[in-house]
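A look at the structure
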Amino acid sequence: MIQKILYLRNFASQVNGASYNLQEVGLGKALVRKGYDCDIVYYNNHKETRLEQVYRHEGCTLRIIWLHGLKFLSNSIYRDVLKDSFLAAYDLIISTEYNQMMTYLLSRKCPDKLVLYHGPYQDHTHALVRKLYDVLLLPKVAKSVRRTYAKSDLAKCYLENKGFDNVVTLGVGLDRSKLDRSRLDHSKSDHSKPDHSKLDHFKVERASNSANHENSDNDGSGEYEENREVADELRRIGDRPVLLYVGVLEERRNIRFMLSLFKAVLQKHPDCLLLMVGDGRKADTDRYWAYAHELGLTDSILHFSRVEQRHLWQVYGVADLMLFPTHYDIFGMVLLESMLFRVPIISSVNGGSVTLIEDGVNGVMLRGFSEEEWVGRISAMLNHTELRQSVAEQASLTVERMSWDRIADEILSHQPMRPVDSGRPMQPTQERGAAT
């Protein structure tokens, strides 16, 4: 019998896989490739439960269970999951975040098969509720979970300070099924860009062996075409150097600092362009665009409110540097994407950068927000082609190590579980697509 794994995303918000590289799906696919059935529970805004099969490999299946739950602050409490009959179907249960009520409730119901995979590394909102949780419930959680994993070294220290023992940093992987078939040759000379009159060369290829019925799941495989609207806008860039930002436009991402920083960069590189991909609350974005207008940046910014994952290769393909000056981020998937597409990163200290970046080797990580220091590092990278190429090459080696298969191996190595015996050798650690 195939053993089953349950993975719960406990935040009470509905995710969108088209515009974000979902970590749960990436890890779930890796677990399926290891010979296990895997179900992911995502919060559903609607009350009906919906099942979605997203991946199959050699007889094993990944499903998403879109499930409505009781919403309390950022917590989602899934009453159906807590039923004995539901939990009995699973051999291993992965819960996210130590301070989510589902983690505590599962630690009471099934501690023998519960592991924690935690990302946050700072205390933020709801201070009183969190303090009560830490006093009343945290000690029971810390003693009950079978294993504790962290997404970053910062999260590991955070959990250890909370009283967790034997915390292991796993990092985060990158699901390449929507990205890897579209990798660009990003070895540029000086500020040269791909020839936009030949963007057809960069179209995504059809997934190999897509006719294989066993793997004809709906995981996004298939022939992807460029987004014509995005391509038309990008053709206007020409040979201008491009700084890229991808992410939500919100206060914690330090957008005003980035705009002020870009104003200073233009003093040294007047032909530079800031390419921004993302959106936010209207009150926030109105304020940011007003500030950009005040700084005289309107003509030097190209903005897309949304670009689907399958089209991101187009924006990474024209970028010289990725800027990530966030105040806080659990583990920015855009860092891994940038490394994959060989776009050098200049980042603040955050969960992803501390885990991924060796300053000056495979990226730049700055520990403060000195505009002068940021401008200096950006200018140095723009001025030195060899430096950008060296950093990009080292970054590509780094992302090769950040594999969901490696993370799945680490989790499974500590569990008394065995994959289904298919009569075939286990998958190697290197990630493989759905149609293998």
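Predicted, not measured: the structure shown is a model, and the values here were computed from it. Sequence positions are assigned chain by chain, starting from 1 and proceeding in written order. Reporting of local features is limited, given that this is a predicted model, to residues whose pLDDT is at least 70; pairs of side-chain atoms are given and counted only at 80 or more, and all residues count toward the totals for whole chains, interfaces and linings. The side-chain quantities take in all heavy atoms of the structure and omit both hydrogens and water.

Looking now at the sheet that holds strand β11 (residues 242-246). Strands are labelled as partners when DSSP assigns at least two bridges between them. Secondary structure elements follow DSSP: runs of H or I of four or more residues count as helices, runs of E of two or more count as strands, with numbering from the N terminus. Across the sheet, which stays open at both edges, the six strands sit in the order β13-β12-β11-β14-β15-β16 with parallel pairing between neighbours. Unpaired on one side and paired on the other, β13 (301-304) and β16 (364-366) mark the two borders of the sheet. Mean inter-strand twist for the sheet, computed between neighbouring axes without regard to direction, equals 20°. Pairing analysis gives four bridges linking strand β12 (residues 273-277) to β13, with the strands arranged parallel. Each residue of the ladder has a partner; that of Met276, found in β13, is His303. Pairs of residues are marked as contacts when any of their non-hydrogen atoms sit within 4.5 Å. Axis definition: a line fit to C-alpha positions, over the contact stretch in the case of helices; interaxial angles, taken between N-to-C directions, run 0 to 180 degrees. The strands touched by helix α8 (residues 255-268) are β11, β12, β13 and β14 (321-324); relative to β12, the strand with the most contacts, the crossing angle is about 160°.

We define a salt bridge as a side-chain nitrogen of Lys or Arg found within 4 Å of a carboxyl oxygen belonging to Asp or Glu. Summed over all chains, the structure comprises 30 salt bridges. Here Arg63 ties to Asp39 by a salt bridge, and the two come within 2.8 Å at their closest N and O atoms. One end of the pair, Arg63, is in strand β4 (residues 60-67); the other, Asp39, is in strand β2 (residues 37-43), and 24 residues separate them in sequence. Throughout, exposure labels follow a simple rule: accessible area from a 1.4 Å probe, protein chains only, divided by the maximum for the residue type, with under 20% read as buried, over 50% as exposed, and the rest as partly exposed. Judged by relative accessible area, Arg63 falls into the partly exposed class, the value being 26%. Taking relative accessible area as the criterion, Asp39 reaches 2% and is therefore assigned buried. Several salt bridges share partner residues, and in doing so they unite Arg33, Lys34, Asp405 and Asp409 into one network.

A separate point is the pairing of strand β8 (residues 114-118). Most of β8 sits inside the fold, with five of its five residues counted as buried. Every second residue of β8 is oriented toward a common face, with Leu114, Leu116 and His118 on one face and Val115 and Tyr117 on the other, all of them buried. Pairing analysis gives four bridges linking strand β7 (residues 92-96) to β8, with the strands arranged parallel. Within β8, the position partnered with Thr96 by the bridge is Tyr117. When the strands point away from the viewer and the path from the first strand over the helix to the second turns clockwise, the crossover is right-handed. Handedness of the β-α-β unit built from β7, helix α3 (residues 101-109) and β8 comes out right-handed. As paired elements, β8 and strand β9 (residues 147-150) share four bridges and run parallel to each other. Within β9, the residue paired with Tyr117 across the bridge is Tyr149.

A separate point is the nonpolar core. For the purposes of this section, nonpolar cores are sets of buried Ala, Val, Leu, Ile, Met, Phe, Trp, Tyr and Cys residues that join through side-chain atoms within 4.5 Å. In terms of nonpolar packing, the biggest core is built from 70 residues, with Ile5, Leu27, Tyr117, Leu275, Phe304, Tyr316 and Leu336 touching the most fellow members. Of all the elements, helix α11 (residues 333-340) adds the most residues to this core, at six residues.

Attention now moves to the sheet that holds β9. One open sheet accounts for eight strands, arranged β3-β4-β2-β1-β7-β8-β9-β10; its pairing is mixed. The open sheet has two free edges, formed respectively by β3 (50-57) and β10 (168-169), since each of these has just one partner strand.

Attention shifts here to the pairing of β14. Burial along β14 is two-sided: Leu321 and Leu323 facing one way and Met322 and Phe324 facing the other are all buried. Where β14 lies against strand β15 (residues 345-348), three bridges are found, and the strand directions are parallel. Opposite Met322, over in β15, you have Ile345 as the bridge partner. In this fold, β14 hands off to α11, which returns the chain to β15; that crossover is right-handed.

Another point: the confidence of the model for the protein chain. Here the protein chain averages 86 in pLDDT, and 85% of its residues register 70 or above. This stretch, residues 180-223, has a pLDDT under 50; its non-local contacts, to residues over four places away or in other chains, come to 100 contacts. Counting interchain partners and residues more than four positions distant, the pLDDT-below-50 stretch residues 422-436 has 39 contacts. The pLDDT score gives, residue by residue, the confidence of the prediction method on a 0 to 100 scale.

Along helix α15 (residues 404-413), the residues that are buried comprise Trp404, Asp405, Ile407, Ala408, Ile411 and Leu412. Taken around the axis of α15, the buried residues stretch over an arc of 160°, which confines them to a single face. Buried residues along α15 sit in contact with β1 (4-8), α1 (23-33), β7, β8 and β9. In this structure Ser403 caps α15, since a side-chain oxygen of it lies 3.0 Å from the backbone nitrogen of Asp405. By definition, the arc is the one covered by directions from the helix axis to the C-beta atoms. For the purposes of these results, a polar contact is taken to be a pair of N or O atoms within 3.5 Å, where, inside protein, one atom must be able to donate a hydrogen and its partner to accept one; residues adjacent in sequence count only when each atom of the pair is a side-chain atom.

Within the element layout of this structure, Leu297 appears in the loop between α9 (282-294) and β13. Overall, Leu297 belongs to the buried group, its relative accessible area being 0%. Residues Leu297 and Leu259, 38 residues apart in the sequence, show an inter-C-alpha distance of 8.1 Å.

Take the packing of helix α13 (residues 371-383) against helix α14 (residues 385-401) next. The relative placement of two packed helices is expressed as an angle between their axes plus a distance between the axes. The interhelical angle for the contact between α13 and α14, taken along N-to-C directions, is 100°, at an axis separation of 5 Å. By the angle between their directions, the pair α13 and α14 is classed as roughly perpendicular. On α14, the residues that touch Ala380, Met381, Leu382 and Asn383 of α13 are Thr385, Leu387, Arg388 and Val391. Broken down by class, the residue content of the contact of α13 with α14 amounts to five nonpolar, two polar and one charged. Relative orientations are named as follows: roughly parallel for angles under 35 degrees, roughly antiparallel for angles over 145 degrees, roughly perpendicular for angles from 65 to 115 degrees, and oblique for any other angle. When residues are sorted by character, Ala, Val, Leu, Ile, Met, Phe, Trp, Tyr, Cys and Pro go into the nonpolar class, Asp, Glu, Lys and Arg into the charged class, and all the rest, Gly among them, into the polar class.

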